[in-house]
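Below are the chains, spelled out letter by letter.
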Amino acid sequence: MAMALIEQARGLNRDQRNAFLAAFLGWTMDAFDYFIVVLVYADIGKEFGVPLTQMAFLTTVTLAMRPLGAFLFGRWADASGRKRPLMVDVAFYSAVGFACAFAPTYTVLLVLRLLYGIGMGGEWGLGAALAMEKMPVGKRGFFSGVLQQGYAAGYLLAAVVYLVVNPIWGWRGMFAFSLVPALVSFFIRARVHESEAWERTHERLTRTRTSLRSVFLDPPVLRRFLYLVLLMTAFNWMSHGTQDIYPTFLKDGKGFTGTEAIVVAIVYNLGAILGGTLLGGLSERFGRRRTIIAAVLVGLPIVPLFAFAPTLATLALGAFLMQFLIQGAWGVIPAHLTELSPDEIRGFFPGVTYQLGNLLAAFNLPIQQALAHSHGYPFALAVTVTPVLLVVAALTALGHEARGIPFGTGQATAPIPASPA
């Protein structure tokens, strides 16, 4: 197994490595900035005199604006190529993220987080599309799993920076630090060549005079779009439902210190990175849908350990196992969504379905916070996580997959038959 994963990791040329690394760092930056807010929103609330239930909307407005960013940058990328929109996007969200460090009031910070959501809405879809279009077909699953764990790496980075920077410069210093990895991502992305799959597709569209709108409104494509929005809603609820409130649960619900909560966060993000890498690679062998369904169903018996374990060590174990499985399922998604996206609108399609799912799941944290206030944190976690694991399994089983389909040939626009889950 280990040798098979090592073999999948080999064989990329410089352009492929740069495209993947830029997408990974961009997604790491996304998660890093998002989880800065998750880790310090109680501190920000104290400084601005705002209750936690209201502070939770800092994450909600960021998630809510991401579909707009995915639409704007995605349409631009389908019309003129991947590279330029990605460069503009990175520059935009870097500047806005840095400006958050100097917000004088809650209202100003809320507006900045709204703008940041637009920038980050464009990052995932375009980065994933460019990286997956450049990957060798047989390596998509493995690199999809590693790419998606940029999210866990960003959370892990936020936890480490919290331990180092927050005691000295507070939450403002953490936002200011976010400029460093963003600039690294910008530098690497500047070295990436345009997507060859996009160039072939653009040439075909020009020759046939096919509009992007007509591709999207084709009934099978439109049905697939609506299905993927539902699937991504469930996936985002599953991910945010097990991560966003967990540090607060450990501190306010269980009485552990902030440092202990961060240590647990580091532990379960290591689990996420391992799970995404392993299960993403396995999806190349067993199929995208089978891998997702197996991961979330195995997660069901982990819920009591994750939410009700009595000690810090057992809670850390439950969180490690839960994130191994949930982010393992997520590791399949970059390859799965880009393979199900028509060539002509791959800049738009995966990012908008993903971010609309984020929008519909955006109220997860306020709901969990309200349930925790009335019934306690363990109840809030269990009652929101258990149903969504079942929903993810059911929706995945009802869908299709296009593992191994070539990019840039137009084949992805054809109806894709279901394969047994």
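Parameters at a glance
Residues numbered from 1 in each chain as written. Predicted model: local features only at pLDDT ≥ 70, side-chain atom pairs only at ≥ 80, totals over all residues. Heavy atoms only, no water. Helix = DSSP H or I, 4+ residues; strand = E, 2+ residues; numbered from the N terminus. Rg over C-alpha atoms; globule rule 2.2 N^0.38 Å. Contact = heavy atoms within 4.5 Å. Lys, Arg positive; Asp, Glu negative; His and termini not counted. Charge placed at Lys NZ, Arg CZ, Asp CG, Glu CD. UniProt positions renumbered as here; feature names shortened; annotations may be inferred. Axes fitted to C-alpha atoms, helices over the stretch in contact; angles between N-to-C directions. Nonpolar A, V, L, I, M, F, W, Y, C, P; charged D, E, K, R; others polar. Core = buried A, V, L, I, M, F, W, Y, C linked by side-chain atoms within 4.5 Å. Buried < 20%, exposed > 50% of the residue type's maximum accessible area, 1.4 Å probe, protein only. Domains from an automatic or database assignment. pLDDT = per-residue confidence, 0-100. Patch = residues over 30% accessible without salt bridge, like charges linked within 9 Å, V, L, I, M, F, W, Y side chains within 5 Å. Areas by Shrake-Rupley, 256 points an atom, 1.4 Å probe, with all protein chains shown as cover. Salt bridge = Lys/Arg side-chain N within 4 Å of Asp/Glu carboxyl O.

Asker: What is the right way to read the overall build of the chain from this model?
Answerer: On a plain count of helices and strands, the chain comes out with 22 helices and zero strands. Here the chain has a C-alpha radius of gyration of 20 Å; the compact-globule value for 421 residues is 22 Å, and the two agree. Dimensions along the principal axes, computed over C-alpha positions, put the chain at roughly 60 × 45 × 40 Å. Contacts spanning at least 24 positions in sequence make up 86% of the contacts within the chain whose residues lie at least 6 apart. Where the 31 positive side-chain charges of the chain centre and where its 23 negative ones centre are 4 Å apart.

Asker: Looking at this structure, I do not really get the UniProt feature "transmembrane region" (unreviewed entry) in the chain. What am I missing?
Answerer: Taking the numbering used here, the UniProt-annotated feature "transmembrane region" (unreviewed entry) corresponds to residues 20–42, 54–74, 86–104, 142–165, 171–190, 258–279, 291–309 and 379–398. Taken end to end, residues 142–165 comprises 92% helix and 0% strand; its first and last C-alpha atoms sit 33 Å apart. Helix makes up 79% of residues 291–309 and strand makes up 0%, while its end C-alpha atoms are separated by 27 Å.

Asker: Is there a simple way to think about the packing of helix H2 (residues 14–48) against helix H7 (residues 140–148) in this case?
Answerer: Each packed pair of helices is defined by two parameters, the angle between the axes and the distance between the axes. The contact between H2 and H7 brings their axes to 8 Å, and the two run at 35 degrees. Listed contacts from H7 to Phe 20, Ala 23, Phe 24 and Trp 27 of H2 are Phe 143, Val 146, Leu 147 and Gln 148. Grouping the constituent residues of the contact of H2 with H7 by class yields seven nonpolar, one polar and no charged.

Asker: Sorry if this is basic, but what is going on with the nonpolar core here?
Answerer: Among soluble globular proteins, nonpolar side chains are generally buried collectively. Judged by nonpolar contacts, the single largest core of 138 residues is most densely connected at Phe 235, Met 238 and Tyr 246. Counting residues per element, this core draws most heavily on H2, which supplies 20 residues. Three or more residues apiece are contributed to this core by two domains, here domain 1 (15–193) and domain 2 (216–403). Contact partners of Tyr 246, with chain neighbours within four places excluded, come to Val 264, Tyr 268, Phe 306, Leu 315, Ala 319 and Leu 381.

Asker: What am I meant to see in the confidence of the model for the chain here?
Answerer: Confidence in the prediction of the chain, expressed as mean pLDDT, is 84, and 95% of residues score 70 or more. Mean pLDDT in the chain bottoms out at helix H1 (residues 2–9), which sits at 62, and peaks at helix H16 (residues 288–299), which reaches 96. The low-confidence segment residues 412–421 (pLDDT under 50) makes 33 contacts with residues lying over four places distant or belonging to another chain.

Asker: Before we go on, may I ask you to explain a nonpolar patch on the surface in this structure?
Answerer: Among the surface-exposed residues, Phe 57, Phe 363 and Ile 367 lie close enough to one another that they form a single nonpolar patch of about 250 Å² accessible area. Structurally, Ile 367 is set in helix H21 (residues 364–375).

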